[in-house]
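Okay, here's what each chain looks like letter by letter:
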Amino acid sequence: MKWTTTKIRKAKGQQKLACLTAYDYATATLIDGSGVPLVLVGDSLAMTMLGYPTTLPVTMEDMLHHTLAVSRGVKEALIVGDMPFLSYQISIEQGIANAGRFVKEAGADAVKVEGGAFRTPLVKCLIQNGIPVLGHIGLTPQSVKEMGGFRVQGREPASVAKLLSDAAALEAAGCFAIVLECLPEAIGRQITDAIGIPTIGCGAGRHCDGQVLVTHDMLGLHSAITPRFAKRYADIGTTMKEAFVSYKAEVEAGSFPSDEHAY
Ligand code: KIV
């Protein structure tokens, strides 16, 4: 059965929610087939798929291209398209138009935008116009330059108070869930206990209502340094490299193709 935002909301306190990123058809099919309820076409694809050092350069066209591929592979999970840098910050009108493209052209069920209370005018307009929104606070990678790097947030009392009021504002604006990225575990718990919608932790500890990982990190596909919270469930990168090395060696030795691979 297809996951809806209503089902995601109702999962709070009942079922922990797993979320993974997907950027292509094949991976989306495998994630969906594993029963993962939330698939995020993250703007992290700037780094994992396109090789940029940050998420900032990825475009709407890049995001729509990958979201459409993912939506062809997903039957049951809720698909969230991540709005890229400057696709929603310039004006509410532009934000609605671009969010609409994720739904209308690329098959997304919802969009994700970064930012707290200051983002609620846009969040409200999107929801009023039928586009569900996943919030995102804590470390917000589209503000990496202003934040001074990829750093754990919420270490100062003032920033904890701001995170709590941002989470409450996003809930009041109508978000169906909120990503909490890179926060101390105690702060992840405080926010989770304070709001009535699910929190999806990304390095925010064990008490969030759900967890999200970048699939490339958890599969060991990413050669860059992976964050401490990103548990590695497989080492697919090494398996792929070994296959490439074997293939090259067999082609060079003339042992591939063999009899069984020839017509
Ligand atoms: O872009 C992304 O993959 C994300 C998650 C890590 C939350 O925003």
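From a predicted model like this one, the values you see are computed outputs, not experimental measurements.

Caption draft 1: Structural context of the pairing of strand S2 (residues 38–41). The two faces of S2 match: Leu-38 and Leu-40 on one face and Val-39 and Val-41 on the other face are all buried. In terms of handedness, the path from strand S1 (residues 17–21) via helix H2 (residues 25–33) over to S2 forms a crossover that is right-handed. As judged from the four bridges shared by S2 and strand S3 (residues 78–82), these two strands associate in the parallel manner. Within S3, the residue paired with Val-41 across the bridge is Gly-81.

Caption draft 2: Geometry of the side chain of Asp-166. One can find Asp-166 in helix H8 (residues 157–173). Leave out the neighbours within four places in its chain, and Asp-166 touches Gly-116, Ala-117 and Ile-137.

Caption draft 3: Inspection of the nonpolar core at higher detail. Val-70, Phe-102, Val-111, Ile-178, Leu-180 and Ile-191 are the most contacted members of the largest nonpolar core, which totals 51 residues. Ranked by residues supplied to this core, first place goes to H8 with five residues. Beyond its immediate sequence surroundings of up to four residues, Val-111 is in contact with Val-80, Gly-81, Met-83, Ala-99, Phe-102, Leu-126, Ile-131, Pro-132, Val-133 and Leu-134. If you look at the next biggest cluster of nonpolar residues, it comprises 17 residues, including Trp-3, Ala-11, Leu-40 and Ile-200.

Caption draft 4: Layout of the sheet that holds strand S4 (residues 110–112). Strand order in the closed barrel formed by eight strands is S1-S2-S3-S4-S5-S6-S7-S8, with parallel pairing between adjacent strands. Averaged over neighbouring strand pairs, the angle between their axes works out to 25 degrees when direction is ignored. Each of strand S5 (133–138) and strand S6 (177–181) is contacted by H8, which is oriented at about 175 degrees to S5, the strand it contacts most.

Caption draft 5: Region of the structure containing the domain arrangement of the chain. Taken domain by domain, the chain holds domain 1 (5–232) and domain 2 (236–263). Placing a centre on the C-alpha atoms of domain 1 and another on those of domain 2 gives a separation of 39 Å.

Caption draft 6: Quick look at the site of the ligand. Close to the ligand lie Thr-21, Leu-40, Gly-42, Asp-43, Ser-44, Asp-82, Lys-112, His-136, Val-179, Cys-202 and Val-214, which account for all nearby residues. One of the side-chain N or O atoms of Asp-43 is found 2.9 Å from an oxygen atom in the ligand. Here an oxygen atom of the ligand and a side-chain polar atom of Lys-112 are 3.1 Å apart. Here the ligand, which alone exposes 260 Å², has 95% of that area covered by the protein. In this structure, the ligand is accommodated by the largest pocket.

Analysis parameters
Residues numbered from 1 in each chain as written. Predicted model: local features only at pLDDT ≥ 70, side-chain atom pairs only at ≥ 80, totals over all residues. Heavy atoms only, no water. Buried < 20%, exposed > 50% of the residue type's maximum accessible area, 1.4 Å probe, protein only. Helix = DSSP H or I, 4+ residues; strand = E, 2+ residues; numbered from the N terminus. Right-handed = clockwise from strand over helix to strand, strands pointing away. Pairing = 2+ DSSP bridges. Contact = heavy atoms within 4.5 Å. Core = buried A, V, L, I, M, F, W, Y, C linked by side-chain atoms within 4.5 Å. Axes fitted to C-alpha atoms, helices over the stretch in contact; angles between N-to-C directions. Domains from an automatic or database assignment. Near = heavy atom within 4 Å. Polar contact = N/O pair within 3.5 Å; in protein donor to acceptor, adjacent residues only side chain to side chain. Areas by Shrake-Rupley, 256 points an atom, 1.4 Å probe, with all protein chains shown as cover. 1 Å grid on protein atoms, 1.4 Å probe; cavity = no way out; pocket = protein on both sides within 12 Å on 5 of 7 lines; lining within 4 Å. Sits in = over half its atoms within 2 Å of the grid points.

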